[in-house]
Amino acid sequence: GALSFGGGLIAWMHREAVETRKWLSDQEFLSGLAICQVLPGGNMVNMSLYLGIRLRGALGAITALLGLVGLPILFVIAIATVYARFDTLRTLHLVLDGVAAAAVGMNIATGVKAARRSKTLVPIAIAVAVFVAVGIFHWPMLVVVACVAPVSIVLARRARGPAPQGSPHG
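Just so it is clear, the structure is predicted and the values come from calculations on it, not from any experiment.

Here the structure, examined in full by the defined rule, presents four salt bridges. Linking Glu16 and Arg15 is a salt bridge whose minimum nitrogen-to-oxygen distance equals 3.9 Å. Its relative accessible area of 15% is what places Glu16 among the buried residues. A salt bridge links Glu16 to Arg21, with the shortest nitrogen-to-oxygen separation between them at 3.0 Å. Linked by salt bridges that have partners in common, Arg15, Glu16 and Arg21 make up one network.

What follows is the structure, encoded as structure tokens:
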């Protein structure tokens, strides 16, 4: 949490949990992220709790949460103090715009990595559809998600094939 700012934390979490440490598969990570995004609260707080529980139970969840928010809280207090003093400087706003752009780029890179591992073009098509609907047509996110989520679920289910006999998902 102390090494990420402006939304790039999910890319770091993915790299550490899936690629470097191999704690989770891509599928497990993305499934957990999907759950974390629909639950109330901050996505990254939810994701740290998910990872902590998956790896070490309740103690892991507490440790992960403290690791995510402990030091960053101190950073935010320090940054807020500096920002309050220098908020009229145009250079400061340009730096923050650059940080935000880097975070967006990291999130896109994570999506591209996950899409490359997919055996179909469905995730890319869904991402493009959401981007066009929200980013270009400026449709409300809630409407887009309400329309795209069911389609995404049906397509993902079809891509997985039929459930094994006796499976509760059959």
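On to helix α5 (residues 122-136), then. Over its 15 residues, α5 runs 20 Å from end to end, which matches the ideal 21 Å to within 8%, given 1.5 Å per residue. Positive phi shows up at His138, right after α5, with a value of about 60°.

You can see Asp26 is positioned in helix α2 (residues 26-38). Side-chain polar atoms of Asp26 contact the side chain of His14, separated by 2.7 Å. In this structure Asp26 touches His14, Val18 and Arg117, once residues within four positions along its chain are discounted.

Moving on: the nonpolar core. Core analysis: the largest hydrophobic core is formed by 14 residues, its most contacted members being Ile10, Met13, Phe29, Met44, Met47, Tyr50 and Leu51. Sorting the residues of this core by element identifies α1 (9-20), α2 and α3 (43-86) as the ones contributing at least two each. Excluding residues within four positions of it along the chain, Phe29 makes contact with Ile10, Met13, His14, Ala17, Val18, Leu24 and Met47.

About the criteria used
Residues numbered from 1 in each chain as written. Predicted model: local features only at pLDDT ≥ 70, side-chain atom pairs only at ≥ 80, totals over all residues. Heavy atoms only, no water. Salt bridge = Lys/Arg side-chain N within 4 Å of Asp/Glu carboxyl O. Buried < 20%, exposed > 50% of the residue type's maximum accessible area, 1.4 Å probe, protein only. Helix = DSSP H or I, 4+ residues; strand = E, 2+ residues; numbered from the N terminus. Expected span 1.5 Å × (residues − 1). Polar contact = N/O pair within 3.5 Å; in protein donor to acceptor, adjacent residues only side chain to side chain. Contact = heavy atoms within 4.5 Å. Core = buried A, V, L, I, M, F, W, Y, C linked by side-chain atoms within 4.5 Å.

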